[in-house]
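# Survey of secondary and tertiary structure
Residue-level listing of the chains:
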Amino acid sequence: MELNNFKIDLKIFKIDKNYFELREKSVDEIIETIKENHIKKLRHKFKDIDLTKTVDPQVTKYKDDDFLYWSYCFNQPKEKFYWKVFLPEGLTENQDFNIIEFSYVLFIKYKDELYCIISGSGINVIKKYLNPSFGIQIYQRLCEPMMDNIIEVYTRSIANNISSKKETYNLNQTISETLDYSNIPTKIKLKVRDELKKNIFKKYDLNTNLVIMEVGAYFYLRKKIDFEELKELIKDLYKIEDELEQKQLTLFSKVNNCDLEKSLDNYLLELVVNDVLVHVDKSTANNNLNDIIELVHPTQLERFYECDKFIIRYKNSRGKSDLEVFDRGDLYYNATKYIYETQEDINNRQQIVQDIYKLNISGQVNNNQKTYANFISHITAEIDYHGYKYFKIDGRWYLLEDEFLSRMNEDAKSYYNKYMLEKDILNVWNKGDNEDTYNKSHEDLDGYYILDKVINENIELCDILTIQDDIAYFIHVKNGFNTKMRDLYIQVVLAAKRLSNDLKNNNGISYLEKTLIEYNKRQPLNKIDIKGFIEKIKTKKLNITFVMAFRNNHYLNKNIIDRIDLCKSNIAKYSLVQVVKEMQEYDFSIKLIDISDIQNE
């Protein structure tokens, strides 16, 4: 075989030039930024290795026709070799078990876009800077949802990146029959329909009956191609994005317009700056912060919720003025306060913006870092902008379509009616109560146990546990019907997931047992019969019901369904819908209750 005709399978990625570190930079500057970030990560990861002798990334620039290339190759050590871990130490002394892996990234500039091909550990170089839905966006311009047969799809909820759900189908299932309006497809594997084989992809000779296309953060046509065909494919992908109209697969859409993204980011920045300035009056700062903003790690959500401490610090501060925060719910307040207290001129809004971008948050478990990202990428928000509603979730902006909003609103009301907690097991929320005092108002009641802040394996099982008749109610409480509902919904789902895995564990019910042991240590006068309680759950003499309990503080003169209808927070409504949907995976019931609807007798 001639070298020029050598063919391989290739996945094509695209760099997101609108990523905040890359904006307004030339392509050469973008490559340099990516390279420096990669080298910094390697130095942190392999502290005991001389990287100049092993990694030593080399970049070669090359021009060919309408293309510019940057060839980036490096050797990367593997962290552990399994034989060295497997064998006793006496057998591994004076033996070199280091494995060096060749890795590669080919950057390809065509017109105004920057594409990538990778090999080995190349994904580690570019992952942070990728357009995470590039392949999906290509497919949205080619799709016929009523005709395209799906083989496999990975989806996640727009409000929850805890895990990706995978579904596999036979070849008779179409896209339109598969995707739920409220889910984001993150990867799709489907059959290439005949029309595409005969037209757009004709030059690639897709003659076999079953040709597969895979799309996600990358575009992958399952056909081996040579270098010239790679160039042709990149031209085709550019043309598809530039000329074909994008169709919607679900009822919300990711914002892909760079100018609109910048405008939304700038508007959000102004809101954050305003919240920084709120701290001028310390006595009212906490009450005057925007309730549309919440901080959550953009990708490692489950790890983020497991953290027992967060470190707030500026980039390159070397820990000189770290701020430790132990309550996840206080992160936004403390981050904005931290920025305020480090300002020399509080009237310099431009400097505040620069400091917002410089601020980082490290999530830790037992003083070991588990999550890390800049402050701005942690922001989850919902805003009204020029007559439209937008979510910022996991660092990406989404436009909420009118049909999506309408269906979500109706689902929220319908789900509340269907799953409303009818049993009278919760107290009235008295004026002046916060979440702590409300939870503690149940501690003297017979059959009630306050597990708020009783944390095992870094996941809170519930705020209030009560056993009524043949049901154990695991109650999660939140004050507010706004962006805080996303936090409440994820708490419920994470606790249910952890408890479900625990109950299926053949080695014993450790998570539940250890949580209850910790509770008994703290509450020696109101102990739980742990052995009896667990035995009843194992033998199904006690059923488990999770309760999402929230306090909607708006429109209190209206009935509860009208309050949901009138609520402006779509994240709250969406969270209410999603908690019901996602709890169907577990062998537990789910109930909903607006505590403000509970009245004194």
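Since the model is a prediction, treat every value here as computed from it, not as a measurement.

Parameters and conventions
- Position labels on residues start from 1 in each chain and follow its written sequence.
- Totals for whole chains, interfaces and linings use all residues, but because this is a predicted model, local features are given only for residues with pLDDT of at least 70 and pairs of side-chain atoms are given and counted only at 80 or more.
- Note that water and hydrogens are dropped before the side-chain values are worked out from all heavy atoms of the structure.
- Counting from the N terminus, the helices are the DSSP runs of H or I reaching at least four residues and the strands are the DSSP runs of E reaching at least two.
- Only the C-alpha atoms count toward the radius of gyration. The rule for a globule is 2.2 Å times the residue count to the power 0.38.
- Burial status follows relative accessibility: with a 1.4 Å probe on protein chains alone, a residue under 20% of its type maximum counts as buried, one over 50% as exposed, and anything between as partly exposed.
- Between two residues, a contact is recorded if the distance between any of their heavy atoms is within 4.5 Å.
- Accessible surface is estimated by sampling points in the Shrake-Rupley manner with a 1.4 Å probe; for residues, cover comes only from the protein chains shown.
- Residues counted as positive are Lys and Arg, residues counted as negative are Asp and Glu, and His and the chain ends are not counted.
- The atoms used to mark charge sites are NZ of Lys, CZ of Arg, CG of Asp and CD of Glu.
- Strand pairing is assigned whenever DSSP detects at least two bridges linking the two strands.
- Only C-alpha atoms enter the line fits that serve as axes; for helices the fit covers just the stretch in contact. Angles between N-to-C directions range over 0 to 180 degrees.
- Side-chain atoms within 4.5 Å link the members of a nonpolar core, which is a set of buried Ala, Val, Leu, Ile, Met, Phe, Trp, Tyr and Cys residues.
- Two aromatic rings from Phe, Tyr or Trp, using only the six-membered ring of Trp, form a pair when their centres are within 6.5 Å; if the ring planes differ by under 30 degrees the pair is stacked, by over 60 it is edge-to-face, and anything between is tilted.
- Cation placement over rings: the criterion is NZ of Lys or CZ of Arg within 6 Å of the ring centroid and within 35° of the ring normal.

## Considering the overall build of the chain
The secondary structure content of the chain amounts to 21 helices and 26 strands. Taking 25 Å as the expected radius of gyration for a compact globule of 601 residues, we find that the chain reaches 27 Å, a close match to that expectation. Taken along its principal axes, the extent of the C-alpha atoms in the chain is 85 × 60 × 60 Å. Per-residue burial over the chain gives 52% buried out of 601 residues. At a minimum sequence separation of 6, the contacts of the chain that also span at least 24 residues come to 69%. Per element, the accessible surface of the chain, about 30,200 Å² overall, is 45% carbon and sulfur. Where the 87 positive side-chain charges of the chain centre and where its 96 negative ones centre are 3 Å apart.

## Topic: the sheet that holds strand E25 (residues 543-551)
The sheet built from five strands is open, its strands ordered E20-E23-E24-E25-E26 with mixed pairing. Taken across any chain shown, the strands that pair with only one partner, and hence form the sheet edges, are strand E20 (448-450) and strand E26 (589-594). Averaged over all adjacent pairs, the angle separating strand axes in this sheet is 20°, with direction ignored. Judged from the three bridges that link them, E20 and strand E23 (residues 464-468) form a sheet pairing that is antiparallel. Directly across from Tyr449, in E23, lies its bridge partner Leu465. Packing of helix H17 (residues 484-503) onto the sheet brings it into contact with strand E24 (471-479), E25 and E26, and relative to E25 it is tilted by some 170°.

## A closer look at the nonpolar core
The biggest cluster of nonpolar side chains holds 112 residues, and the ones touching the most others in it are Phe375, Leu426, Leu465, Phe474, Phe533, Phe546 and Val579. Element by element, the count of residues in this core is highest for H17, at 10 residues. Setting aside its immediate chain neighbours within four residues, Phe546 contacts Leu461, Phe474, His476, Val492, Ala495, Ala496, Leu499, Met583, Phe588, Ser589, Ile590 and Lys591. Counting 39 residues, the second-largest nonpolar core is a separate cluster that includes Leu10, Leu142, Ile188 and Val192.

## Brief notes about the packing of aromatic side chains
Taken as a whole and judged by the stated rule, the model has 26 aromatic pairs. We note Lys11 situated over the ring of Tyr218; from NZ or CZ to the ring centre the distance is 4.6 Å. The ring of Tyr314 has Lys358 lying over it, and the distance from NZ or CZ to the ring centre is 5.3 Å.

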